[in-house]
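Chain by chain, the residues:
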Amino acid sequence: MEKISYDEFLDRWNNLDLPDAALRPYVLVSPGESAFSVELRPNPETVTGIPKLESAMTFLNDRSRRQRQRDFERALARGDPRPVLVSEGDSWFQFPLLLDDVIDHLGTDYLIWSLGAAGDTVENMIDSDAAEYMQGLDAQAGRVQAFLLSAAGNDVIGARDGVPVLLSLLHNGSRADLPEKLVNQAELGRVTEKLKASYRKVVATIRADPRFTELPILIHGYDYAFPFPFGNDTRRPIWVFNNQDKWLGSAFQAKGITGQDLRRDIIRVLIDALHEALAEVADEDPNVHLVDLRGTLTKRSDWADEIHGTGEGFARVAAKFAAVLRAVLPVAPPLGTPALPEPASPATRGEETLLAPEPSLARHRYRLPEVPAKAMGIPDPERFGLGFTDPARLEAIVEEDDSVPFCFLSRGSEIGRAVARISTRGTTWDGKSGRWRGTGFLVGPNILLTNAHVLNSPEVAGAAKVEFGYEECVGGEVLPTVNYRLDPNRLFVSSGPEDLDYTFVWIEGDAAERFGHIQLWRGSFIAVDRHPAHVIHHPDGKPKRASLRRNDIVTSLGAREVLVHYTSDTMHGSSGAPVLRDDWRLFALHHAFEEADAELRAKLSRNGFDVNYVNEGIKISAIAIDLDMRARSGPNQQSAAEVLRHMGGSDSRTGFFGTLGREATGESAFERVVDTYRGGEQDVDVAFWNVAWFSRDVRQKAQGVARVIADLNLDIWVLEDASSEAAQALVAELKRGFQMQFELAVSETDTPDSQHNTAVIWNRMTVQGRRLDWPAEAERILRAGSGPDARSETCVFTRHPGLFGFSSTLSGTGERFDFLLVPLHLRALTEGAKRRRMATDALAQALMLALAQHGAHDILIGGDTNAGIGAGQMQALRDAGISVHGAADARDGAFTYLRWPQQSHVDSIFASPGMTQAVGSEDFILITADRTFPQFLTQVSDHRPVMVRLSLGECPGGPAPHLAPPVATPEISPGASDESLLQAFAERFRTDPGGTLRALADIWGQQES
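Residues numbered from 1 in each chain as written. Predicted model: local features only at pLDDT ≥ 70, side-chain atom pairs only at ≥ 80, totals over all residues. Heavy atoms only, no water.

Chemist: Lay out the overall build of the protein in plain terms, naming residues and giving numbers.
Modeler: Summing up its helical and strand segments, the protein has 32 helices and 42 strands in all. Residue pairs at least 24 apart in sequence account for 73% of intrachain contacts in the protein once pairs closer than 6 positions are excluded. Here the protein displays about 39,800 Å² of accessible surface, and carbon together with sulfur accounts for 49% of that area. (Helix = DSSP H or I, 4+ residues; strand = E, 2+ residues; numbered from the N terminus. Contact = heavy atoms within 4.5 Å. Areas by Shrake-Rupley, 256 points an atom, 1.4 Å probe, with all protein chains shown as cover.)

As structure tokens, this is what we get:
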């Protein structure tokens, strides 16, 4: 490398037309005083005559900014039509020379007046009296369409005066090694409050200028960084020298926190707190938009160091900004990626002589409005899906280890046996005649699945030949095949090529016995972005092949509830193939590909994929929803129901009960599926689960319990025998692993956190809940002879029943559905039937009092009890006009629903499998015998939750009932006289003669025994 003089270096440095690459040999980079700053200086090995005063020339950092502003002015002068933005930020927005930062990537589609400087702090950017961002906005007034601000990272994961901020935010280990307890919450609160004040100041300053009262402002948090070292950590960028742990790792080491997973969990707590603080600011102004970057840089290799992304990592960050900008700007950018992608075209059209023209894939489906998060109770579907990922697999991704267990090979071979070549003839879906081939696979005994454009009618299916074992050996020899015919008269259910593009058809003979089948799964989140998508297929009708390389799932190009996209190799003839993840679990039916034009390649490149095409599959979860609807009405009900018998698991987007009770009105199956996902506001799902085992081993079980709750995705969970401490850990794990926001309350508030209690948690995105106090007289009735300290022979409730109120807003009408929830724990009682009767008598009185105080609500009672409450045991409530319905599972619990027929929004109740109707109308409680519990539930607990769906409709609108509270039973003080005891007995007998006699009979029975 030639040496140059210092004067020549300055000339080159000030030549803004010289590319950065030409300057890199002459520059050294060192960390600045803040984490998000760097300093550039001449390299003494390539630059001669460097003045001593120039050993660290801060002014060199200004080159990138000057260069960007020069390019901006030139673009304006030539009439560049790209939307104009103004940006202010730290090194994520301006990393000089060595990385393509966020603004570099956004600059493809936008003209950006950049004010960023590496290392800018909140004080410099926001709190100074002469805020430079206002000067920038003023200079671009009339042109600027949005303001981008990046300012908060240094205050949470950065450094001040060279000292890591993290030191002040951490306690010393160990504190039971719980991430939340190792964070200094008081200091974190002080930092986030200061940040919120600073951000509010910049919003107020901009809004004070009448030209910018509605200007979109984009702010952002950060992602979950990997403190150094993490595994076999190779991150050693030249700007950190030997201080790879300068900002994060060294602080953890100083505090004695050594576990790499624990360190990342703490980073999650801090980044989540920062995000929530900025979300508060964004919620206060409809034109302030928070770009959620969590879950964007998921691999360690996405990070250049502890706090900066790589060039590819920053490209993914820029894509998140671009998505928000497309949604908020009045005009989309004319260059780069279109806001809505063009649809794909079906990939298989048969032999070379018959390439059927691609169908219209209903382009409007890509433009369907996104399903609101509230309908699903899932705030961030992409990050939610990562919660189900095998932790071992996650670790492998972090370590960039593409290896798989050796059994991957044998399991793949076993799964592949169920894949077959289909050859048929007749009339194609678009009306032509000829012969063609495709791929199909067995999904159950005598059931084959392929695309509708492969088998588009019963006639075409009847003419088809299905060949198993059409494979090529290592030496090129093609193995003999085993052929089967199809019988569409026995079973045929299909959604057209322009819709969900699937066909299930009956296959004759013993194919499944000889070749096995691939299990169908309902889960929406079986596969997640950037994970492998393996395809086993017959490309061009040739011997079976497997696409295992360069086959990542990419961010959905539209309608992610129904479609999934991936870069796996396919050809004509591949349509109808299974798309599987690394453990060979099926998640999609392959049906289409699209050659990528320049715009689509640019988008894929910004997401880290250098490919010339992208493939599209129909999610099995979407097909399951369509089958659910077909099984309830219309033609092919029996065929659809038969296929559903072989469908496993549950869909987290719809919850355990799926489409049951939900109405979908779309014109196409595609639209109806999306409509069903929007129907989460048509029902409330509740579970009762005994988790006594969880409280004994919280740290080991929390992740598994959270996975069950996230997968089943019910609105409310009653956790029997759960300590408050265990419930708190569970709520934290749901937030950490799945980003789900649950609230928590317990039945007995005076019980120590470590002791067993009854906890209720609820998804605050879907329902509003609160713990209620029983009326004083009801509390006295329920407390009489109850509690863990009461003698067993007089104990009514071993655990005090809580009272909770819940509300849900019905979609469409905006009406509120309110109901009361009473968790029960009666299973542990001796002489069960007798005690249960006494408990029910007490509960009936308490409920009458509660209804009189809180209003005429429906009531759901349930929990760990051997039997539901009979109608006769609730006679007083029935006399008031309440209908009693219930079902029980002798092994896992029971529930009772008390309903005001003239006032209730509840049309029907769906109950989990294994339950038996105990009381009430048979058409009101419907047992879902076709549903299956997730397999991993048995790995977590021997107990299954008792689950119910309250399916909501319009309120009948009858008159509200008038409730007269029951006469209070006089309280008997210790040492009362015989006369007062007799008066109390007489008063009780007058108000409840039947209950009094039963209680008296119980007492006599106890004395005789």
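Chemist: Could you give an account of the sheet that holds strand S13 (residues 419-427), naming the residues involved and the relevant values?
Modeler: Sheet strands line up and pair through hydrogen bonds in the backbone, either parallel or antiparallel. Spatial strand order, S17-S16-S13-S14-S15-S19-S18: seven strands in an open sheet with antiparallel pairing. Lying at the two open borders of the sheet, with one neighbouring strand each, are strand S17 (482-485) and strand S18 (492-495). The average undirected angle you get between the axes of adjacent strands in this sheet is 30 degrees. As paired strands, S13 and strand S14 (residues 433-444) are joined by nine bridges and run antiparallel to one another. Considered in S14, the bridge of Arg425 is made with Arg435. Contacts between helix H22 (residues 637-644) and the sheet are confined to strand S15 (447-450), S18 and strand S19 (502-506), with S18 contributing the most and set at about 90 degrees to the helix. (Pairing = 2+ DSSP bridges. Axes fitted to C-alpha atoms, helices over the stretch in contact; angles between N-to-C directions.)

Chemist: Describe the sheet that holds strand S42 (residues 946-952), listing the residues and the values that go with them.
Modeler: Across the sheet, which stays open at both edges, the seven strands sit in the order S31-S32-S30-S29-S42-S39-S41 with mixed pairing between neighbours. With partners counted over all chains shown, the strands left at the sheet margins are strand S31 (742-746) and strand S41 (925-927), one partner each. When strand polarity is set aside, the average angle formed by the axes of neighbouring strands in this sheet is 20 degrees. With five bridges joining them, S31 and strand S32 (residues 756-763) adopt antiparallel strand pairing. Paired with Glu743 across the strands is Trp762, a residue of S32. Sitting on the sheet, helix H25 (residues 698-712) is in contact with strand S29 (683-690), strand S30 (716-723), S31, S32 and S42, with an inclination near 155 degrees to S29. Its contacts with the sheet place helix H26 (residues 724-738) against S30, S31 and S32, and it is angled at close to 175 degrees to S31.

Chemist: Describe the nonpolar core, naming the residues involved and giving the relevant values.
Modeler: Counting residues in hydrophobic clusters, the biggest one holds 83 residues, and the most contacted among them are Leu106, Leu137, Phe147, Leu148 and Phe321. Not counting chain neighbours up to four residues away, the residues in contact with Leu137 comprise Val86, Val144, Phe147, Ile206, Phe212 and Leu215. Residues Ala418, Ile518, Ile618 and Ala622 belong to the second largest nonpolar core, which totals 60 residues. (Core = buried A, V, L, I, M, F, W, Y, C linked by side-chain atoms within 4.5 Å. Buried < 20%, exposed > 50% of the residue type's maximum accessible area, 1.4 Å probe, protein only.)

Chemist: Account for the packing of helix H6 (residues 132-139) against helix H10 (residues 185-207), with residues named and values stated.
Modeler: Where H6 contacts H10, the two axes come as close as 11 Å, and the packing angle between them is 30 degrees. Taken together, the axis directions place H6 and H10 in an arrangement best described as roughly parallel. H6 and H10 meet at a crossing whose hand is right-handed. Contact with H6, carried on its side by Tyr133, Met134 and Leu137, involves Lys201, Val202, Thr205 and Ile206 of H10 and no other residues of that element. Split into classes, the residues belonging to the contact of H6 with H10 amount to five nonpolar, one polar and one charged. (Parallel < 35°, antiparallel > 145°, perpendicular 65-115°, else oblique. Left-handed = near helix turned anticlockwise from the far one by under 90°. Nonpolar A, V, L, I, M, F, W, Y, C, P; charged D, E, K, R; others polar.)

Chemist: Lay out the packing of aromatic side chains with the relevant residues and their values.
Modeler: Following the criterion strictly, the structure yields 16 aromatic pairs and no others. Ring centres of Phe468 and Phe515 lie 4.8 Å apart, and the angle between their planes is 15 degrees; on these two criteria the pair is classed as stacked. With a gap of 47 residues between them, Phe468 in strand S16 (residues 465-468) and Phe515 in helix H19 (residues 511-515) connect regions that are remote in the sequence. A residue is classified by how much of its surface remains accessible, and Phe515, at 9% relative accessible area, is buried. Ring centres of Tyr502 and Phe504 lie 5.5 Å apart, and the angle between their planes is 65 degrees; this geometry places the pair in the edge-to-face category. Of the two residues, Tyr502 and Phe504, neither departs from the other in class, the shared state being buried. Taken together, the ring pairs in this structure connect Trp92, Tyr222, Trp303 and Phe314 into an aromatic cluster. Between the NZ or CZ atom of Arg490 and the centre of the ring of Trp506, over which it lies, the distance is 3.9 Å. Taking the ring centre of Trp521 as reference, the NZ or CZ of Arg585 above it sits at 4.1 Å. (Phe/Tyr/Trp six-rings, centres within 6.5 Å; stacked < 30°, edge-to-face > 60°. Lys NZ or Arg CZ within 6 Å of the ring centre and 35° of its normal.)

Chemist: Describe the pattern of salt bridges, listing the residues and the values that go with them.
Modeler: Under the counting rule described, the total for this entry stands at 32 salt bridges. Residue Arg207 is joined to Asp285 by a salt bridge in which the shortest nitrogen-to-oxygen separation is 2.9 Å. Of the two residues, Arg207 sits in helix H10 while Asp285 sits in the loop between helix H12 (260-283) and strand S11 (288-291), which places them 78 residues apart along the sequence. Of the two residues, Arg207 and Asp285, both sit in the buried class. The closest approach of N and O atoms between Lys735 and Glu276, which form a salt bridge, is 2.5 Å. With Lys735 in helix H26 and Glu276 in helix H12, the pair connects residues that are 459 residues apart, well separated along the chain. (Salt bridge = Lys/Arg side-chain N within 4 Å of Asp/Glu carboxyl O.)

Chemist: For unusual backbone geometry, give the residues involved together with the corresponding values.
Modeler: Cis geometry marks the peptide bond from Phe228 to Pro229; its omega dihedral reads -5 degrees. Its identity is not glycine, yet Trp584 carries a phi of approximately 65 degrees, on the positive side. Backbone geometry at Gln739 places phi at a positive 60 degrees, although glycine is not the residue there. Along the chain, Gln739 falls in the loop between H26 and S31. With a relative accessible area of 5%, Gln739 lands in the buried category.

Chemist: Could you give an account of the environment of Met740, naming the residues involved and the relevant values?
Modeler: Within the secondary structure, Met740 sits in the loop between H26 and S31. Among the residues examined, Met740 registers a relative accessible area of 1% and is labelled buried. Taking the C-alpha atoms as reference points, Met740 and Ala710, separated by 30 residues in sequence, lie 8.0 Å from one another.

Chemist: An account of the environment of Thr758 is needed here, citing residue identities and associated values.
Modeler: By secondary structure assignment, the location of Thr758 is in strand S32. Taking the relative accessible area as the measure of exposure, Thr758 reaches 2% and is therefore buried. Put simply, Thr758 and Val746 are 12 residues apart on the chain and 5.7 Å apart in space, counted from C-alpha to C-alpha. If near-sequence neighbours (up to four positions away) are discounted, Thr758 is found in contact with Val718, Leu719, Glu720, Ala722, Ala745, Val746, Ser747, Arg799 and Pro823.

Chemist: Tell me about H10, and name the residues and values.
Modeler: An ideal rise of 1.5 Å per residue puts 33 Å on 23 residues; H10 measures up with 32 Å between its terminal C-alpha atoms. The complete set of buried residues in H10 reads Glu187, Leu188, Val191, Thr192, Leu195, Lys196, Ser198, Tyr199, Val202, Val203, Ile206 and Arg207. (Expected span 1.5 Å × (residues − 1).)

Chemist: Outline helix H21 (residues 620-632), supporting the account with residue identities and numerical values.
Modeler: The end-to-end C-alpha separation of H21 is 19 Å, in line with the 18 Å expected for 13 residues at 1.5 Å each. Burial runs high along H21: 11 of the 13 residues are buried. Regarding H21, the residues found buried are Ile620, Ser621, Ala622, Ile623, Ala624, Ile625, Asp626, Leu627, Asp628, Met629 and Arg630. Downstream of H21 by one or two residues, Gly634 has phi in the positive range, about 85 degrees.

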